[in-house]
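# Residue-level structure breakdown
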Amino acid sequence: MSEATGLLREPWESFERQSEAGTLGIWAFLASEILFFGALMLTYTVCRIENADAFAAAGRATNIWYGTANTAILLTSSLTMTVVVQATASGDNFRRLILACLTVTAALGTAFLAVKGFEYKDDIEKHLVPGAQFALTEKSAQLFFGLYWTLTGVHAIHLTIGILLVLRLALLGFRRRLELDRNPEIRVTGLYWHLVDVIWIFLYALIYLPGRAS
Amino acid sequence: MTDALLTGDLPLPAHPDYLRDGTSLTSWLTTTDHKRIAILYAITITIFFFMGGAAITAVRLELFMPNGGLLTSDAYNKLFSFHGIIMVWFFLVPSIPNTFGNFLLPLMIGAPDVAFPRLNLFSWYLTIAAGAFTVYALLAGGVDTGWTFYTPYSTMFSNSHVFAAAAGVFVVGFASIATGVNFIATTHMLRAPGMSWFRLPLFVWATYATSLIMVLATPVLAISLLLVMAERWLGLPIFDPAQGGDPILFQHLFWFYSHPAVYIMILPAMGVVSEIIPCFARRRIFGYDFMVYALIAIAGIGFFVWGHHMFVSGQSPYANLIFSFLSFVIAVPSAIKVFNWTASLYRGQISFEAPMLYALGFVGLFTTGGLSGLFLASIPVDVHVTDTYFVVAHFHYIMVGGAVSGFFAGLHFWWPKVTGRMYPESWARFAAILMYSGFNMTFLPQFVAGYLGMPRRYHTYPPEFQIYNVMSSSGAAVLALAYLLPLGYFAWSLFYAERAGNNPWGASGLEWTTTSPPPPKNFDRQPRVDRGPYDYHPEGESAGLNPPEVQNAREVR
Amino acid sequence: MNPIFWLPEATSLAERVDHIFYGLLALSALTLLLVFMLVVVLAVRYRRGSAARRGPLPEIVNREFEIGWTSITLFLFLFLFWWAASADLRSLAAPADALEIHVVAKQWMWKTQHPSGAREIDALHVPIDKPVRLLMTSQDVIHSFFVPAFRVKQDVLPGRDTEIWFLPTRTGVFPLLCAEYCGTDHSMMRGRIVVMRQQDYAEWLTQQPEGDDLAHEGARLFVARGCSGCHAQSSSVHAPKLAGLYGRTVQLSDGRQVKADDGYIRDSMLQPKRDIAAGFEPIMPSYAGLLDDGEVQSLTAYIRSLAAQTGKADD
Ligand code: HEA
Ligand code: HEA
Ligand code: CUA
Ligand SMILES: [Cu+2]
């Protein structure tokens, strides 16, 4: 446990309790995040029920290839993140594995953002930004795209924060400024990363699938 | 914390208390000591309180005359919006949790600090940043949407700085969530040995229940404001009826937060009062476990009554029935609390220092305001009085008469602990009584005006309501005076008042076992708890005059 | 102008609301008295050092007390809920013979229109003892139609119809107020409701300028906007005939059934793709943005008028 005491912070006296508290705290925060995205998806659902046809038509205008590719990328990143978390939890000093997987996770996250960027560019060129030059004529299609930009935008911000957190861990670990074994920060970051992932799965279904079912 | 030494201060006493442990400005601005952060918050919310008060002072002056000439309509609308926004999000929501909660939660459970001290400081900085943003919105021209930001007015029609104001509230929401997360983790993980859940003081329970609401309700406010901002800034047509947006969807989102938020504002005050009444009556609180269940019930059911703000909005009449029913249900736990406070006086040894006066005032005013809530929960009556001054009177009775009285009760009660000095008792009693009378003069007439049909947010009004408005405005002047008085005597007390001992009230809580002001790490030795709170007399006995035996502090390792 | 100290009860509803209000007031006064008396009496009797008896607590158990007052309040509250809710339910549906008035709200005025087509601004004349039903919509933000003397209030929404009804029981002039904050001149958005004896109302109506009758206006629009191109008897397009539609239950292509009320007809024009009548192609274009609220109301009134004359071929 000697390395663990290096991780001990004010006001804790026991490392066990400190990491338990970290886990409890992040779960409370994730509950908060779930309500955040939950409210947003509920807004989407209400609008979709009230404007089903327009949403189906607008849903067909999205680019499902980008969306699907991104789903694959993000799910893979969750895998590498899980490896990181398991490796730290084991306490067997998997330093290189942890660092490698952290880097891959961050890289996959960045790849997601890059694909998203291309998709955004595409959307802008196709005039799918609500406003005077909006491409679709369906009455509530603009509403769909209003929600599309909000949902994906907010998700992208969350992902960016996630990438920064992972990069920070990788960087500090690399320079041996951070104890990697049993570090509660890694588990906390991992939980956050998975949440951002799970949310994307919902978004994928909400954004790309309506109108394509049959 | 050695910078005080480095900057060449006088040699420190062996155990400097938290106030003297580093005196430079940076030592305050970078502190992670929960007690100092509490003080930073206290200063912040006091400033916001007087800002909100100054805005409404102009409003009340204007309302002296039915066709007032002091302000333009736009200025009037901006002033009451500013008042509502500042008072709710920058004063009342952070008031008790972030000052007393921060200061007392670790002390009451026997911990050296909160679970995440740096997060705690961060949350204060967020509050400051958000407040600056909102105040900027005011100086740069104001917001005229009311505190409720209803769409489509806020998104498509208002020409004011909705974006900046909403952004400010959005950010302060995160401060709220951070505090909530912190308190939840603290209560779960940092209780002293022997401090089981049912030995927690009711104030801790109240803070805990409040934190749950903060964490689960605030994100929904964030989303509703985010959508408003997106529509204003990026033109995304989310609430635009012409694009198929639902005209009352925003209201559902907003009230899903804002109804639970009213319990964020009242639960901590209930906690404060539950500490004070037993102390000055020298009695165990009546029905401790029921008080706990009531707190949790209020926090839980509070999530399911938001629709009672929308009885005339055009939502389904069946939804109205459900929300009306639940609003009555949620009044039951409040009733339990009122009766238990009253019953705690039975066979007590009651004395009437200022904290007790405020606490008893709280019970009366909260009951009045709560009972008026029952009028609003009855659909046919609400249809008539909604959006009138009846509602304004209802919520001021609870929020000003209740929560602010609770805040002042706590301020007087813990002042000796926080500063190590007593306050001047007769001035404080005078201010308490003045506040109580001024308050009733201001808001009682508003019930009548509201019932007679005076709508709220009215810059000009039909002349038959003038008499009520004159009464109300005069009362507000008395109230303003009563709020200014404590500023004076508290400042005086900091320098000239006698020193307080560890436990000037003979109270039983753990926070009174340490020195006043407490040392940086709260307790010189780890406390161990071996009895419940409010142990003022043996079980089954009446109050006695002896001071309670306090929890003993001893080395546990 | 209202008197200063009390509010007239000028509808059948007002009396019922006041009963509940006074009932609640009495109950609240009693409760408040109880709480205040308890606090004051206990505080005085048990002030510190007083001679009142203390000693061991009597045997009345905490828990029974607690459960007792919890259940008493719960039952009281259930009773209050039942009382208020049943009053609300009874006044939900408007009588069938109600006089139908259309209201359009905009920043910051009220526009009302009688079935005869007579229009008013910031005013409404209605006959006594005859139920009046208001169909309301807004052209911009949310407003709220509030007549204190009638105890009625209803928000008026953009993009949606809301309605209320009342039965005036007293003649006089009563203030009409906007109760939902709607911007700069929210507090100036006031008008008056004039309740007249029935013959006075009839006379008043005849004196109004020959306003276009709503349904006639609608009939004109029906041709002018091209509806008749598809919906007229002679049309070759396969579109439903609208005579007798109003009030009927319509079978939709996705299996649902809906009642053809004002909302349905409004949606048929503005969002035709939403509810497709069974047996028809979804070819009807959307008129959103092409028809303003007043025109939608006129067209609706016209379609409604067709219901009354079923059997007769439409124009
Ligand atoms: C701290 C704040 C706070 C608190 C605690 C409450 C508590 C309650 N509120 Fe209030 N309310 C507000 C703040 C608060 N409210 C605000 C800010 C608004 C307006 C927002 C806006 O529009 O700007 C509002 C508006 C509001 C409305 C909507 C009005 C409208 O706009 O049309 C309604 C309707 O049901 C309502 C009901 C209630 C009820 C039933 C309670 C209950 O929880 C009260 C329970 C307490 C008691 C009932 C008293 C004690 C009980 C007894 C002593 C029992 C004995 C009694 C009997 C036997 C009768 N409130
Ligand atoms: C949460 C807390 C809170 C608090 C503490 C208060 C405190 C007060 N409120 Fe507030 N009020 C709200 C929350 C609160 N209010 C909300 C949410 C609204 C709804 C807004 C909306 O419709 O959107 C509202 C609306 C509201 C209205 C309705 C406006 C309208 O609808 O047109 C009125 C009218 O009388 C009013 C009055 C008062 C008064 C007299 C006080 C007093 O208690 C204040 C006393 C304090 C002071 C008076 C400060 C003393 C200091 C000075 C006097 C120094 C001043 C300096 C200079 C003038 C240079 N309030
Ligand atoms: Cu229209 Cu207020
Ligand atoms: Cu509420």
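Small disclaimer: the values here were computed from a predicted structure and weren't measured.

Procedures and definitions
Every chain's residues receive numbers from 1 upward, in the order its sequence appears when written. To read the labels, note that chains go from A and ligands from 1, taken in the order they are written. For a predicted model such as this one, the threshold for reporting local features is a pLDDT of at least 70, and the threshold for listing and counting side-chain atom pairs is 80 or more; totals across whole chains, interfaces and linings nevertheless cover every residue. The basis for the side-chain values is all heavy atoms of the structure; hydrogens and waters are excluded. For Na, K and Ca the donor cut-off is 3.2 Å, while for other metals it is 2.8 Å, and in both cases only N, O and S atoms qualify; water is not among them, so sites may look incomplete. In short, tetrahedral needs four donors with all angles between 85 and 135 degrees, square planar needs four and octahedral six donors with opposite donors over 155 degrees apart and all other angles between 65 and 115, and whatever is left is irregular. Numbering goes from the N terminus for both helices and strands, where a helix is a DSSP run of H or I of at least four residues and a strand is a run of E of at least two. The buried label goes to any residue with under 20% of its type's maximum accessible area, the exposed label to any with over 50%, and the partly exposed label to all in between, with areas taken from a 1.4 Å probe on protein chains only. Working rule for contacts: check all heavy atoms of both residues, and any pair within 4.5 Å makes them a contact. The term buried area refers to how much accessible surface (probe radius 1.4 Å) is lost by two components on association, counted for both of them together. Between Lys or Arg on one side and Asp or Glu on the other, a salt bridge is scored when a side-chain nitrogen of the former is within 4 Å of a carboxyl oxygen of the latter. Counted as a polar contact is a pair of N or O atoms within 3.5 Å, where, for protein atoms, one must be capable of donating a hydrogen and the other of accepting one, and residues adjacent in sequence contribute only when both atoms are in side chains. In short, DSSP must find at least two bridges between two strands for them to pair. Simply put, an axis is a line fit to the C-alpha atoms, just over the touching stretch for a helix, and the angle between two N-to-C directions goes from 0 to 180 degrees. All amino acids are sorted into three groups, where Ala, Val, Leu, Ile, Met, Phe, Trp, Tyr, Cys and Pro are nonpolar, Asp, Glu, Lys and Arg are charged, and the leftover types, Gly among them, are polar. The nearness test applies per residue and asks whether one of its heavy atoms lies within 4 Å of the molecule or strand. An automatic or database domain assignment supplies the start and end points of every domain.

### Structural notes on the coordination of the iron atom of ligand 2
Residues and elements named next belong to chain B. Bound to the iron atom of ligand 2 on the protein side are His83 (NE2) and His396 (NE2), at distances that span 2.0 Å. One way to put it: the 6 donor atoms around the iron atom of ligand 2 meet at angles of 86 to 178 degrees, and that makes the site octahedral. Separated by 313 residues along the polypeptide, His83 in helix α4 (residues 73–109) and His396 in helix α14 (residues 389–419) bring together distant segments of the chain. The same class applies to His83 and to His396, which are both buried.

### With respect to the interface of chain B and chain C
Quoted interface sizes are often the accessible area lost when the parts come together. In this assembly, 91 residues from chain B lie in contact with 83 residues from chain C. Between chain B and chain C lies a buried interface of about 7500 Å² when both sides are counted; carbon and sulfur atoms form 67% of it. Per-residue buried area on chain B facing chain C is highest for B:Arg347, B:Tyr451 and B:Glu464; these three make up 9% of the total on that side. Where chain B meets chain C, there are 1 salt bridge. The partner of B:Asp246 in a salt bridge is C:Arg160, with the nearest N and O atoms 3.3 Å apart. Taken together, the connections running from chain B to chain C amount to 25 residue pairs in polar contact (both at pLDDT 80 or more).

### Digging into the sheet that holds strand β9 (residues 172–178) of chain C
Residue and element names in this part refer to chain C. Reading across the sheet, the 5 strands line up as β4-β10-β9-β6-β7 and stay open at both edges, with mixed pairing between neighbours. If you trace the sheet from one side to the other, it starts and ends with β4 (123–127) and β7 (152–156), each paired once. Averaged over all pairs of adjacent strands, the angle between strand axes in this sheet comes to 20 degrees, irrespective of strand direction. As judged from the 5 bridges shared by strand β6 (residues 143–147) and β7, these two strands associate in the antiparallel manner. Across the sheet, residue Phe145 finds its bridge partner in β7, namely Gln154. Sheet contacts for helix α3 (residues 198–207): β4 and β10 (191–196); angle to β4, the most-contacted strand, approximately 130 degrees.

### Considering the interface of chain A and chain C
Taken residue by residue, the interface counts 4 residues in chain A and 7 residues in chain C. Carbon and sulfur atoms make up 41% of the surface buried where chain A meets chain C, a total of about 410 Å² over both sides. Together, A:Glu50, A:Asp53 and A:Lys139 form the three largest contributors to the area buried by chain A at its contact with chain C, with a combined 83%. Along the contact surface separating chain A from chain C lie 1 salt bridge. In this structure, the salt-bridge partner of C:Arg160 is A:Glu50, at a minimum N-O distance of 4.0 Å. Here chain A is connected to chain C by 1 residue pair in polar contact (both at pLDDT 80 or more). When grouped by side-chain class, the residues that make up the side of chain A that touches chain C number no nonpolar, 1 polar and 3 charged.

### Here's the deal with the site of ligand 1
Taken together, 33 residues are adjacent to ligand 1, and B:Tyr263, B:Asp382, B:Thr386, B:His394 and B:Arg456 come closest. Around ligand 1, the neighbouring residues derive from chains B and C rather than from a single chain. At 3.2 Å from an oxygen atom of ligand 1 is found a side-chain nitrogen or oxygen belonging to B:His308. Taking B:Thr386, its side chain carries an N or O atom lying 2.5 Å from an oxygen atom of ligand 1. Elements with a minimum of two residues in the shell around ligand 1: α9 (249–281), α11 (317–343), α12 (354–377) and α14 of chain B together with α1 (12–45) and α2 (62–90) of chain C. If you tally residues by element for the shell around ligand 1, the top one is α12(B), at 8 residues.

### Examining the domain arrangement of chain C
Residues and elements named next belong to chain C. In terms of domain boundaries, chain C breaks down into domain 1 (99–206) and domain 2 (214–314). Placing a centre on the C-alpha atoms of domain 1 and another on those of domain 2 gives a separation of 27 Å. On the domain 2 side, the residues contacting the 16 residues of domain 1 number 7 residues. Both faces considered, domain 1 and domain 2 share a buried interface measuring about 950 Å² in area, 40% of it formed by carbon and sulfur atoms. The salt bridge involving Arg266 is made with Asp161; its shortest N-O contact spans 3.6 Å. If you look at where domain 1 meets domain 2, you find 2 residue pairs in polar contact (both at pLDDT 80 or more). Contributing elements (two or more residues each) for the side of domain 1 that touches domain 2: β1 (99–106) and β5 (132–138). Counted by class, the side of domain 1 that touches domain 2 contains 4 nonpolar, 7 polar and 5 charged residues.

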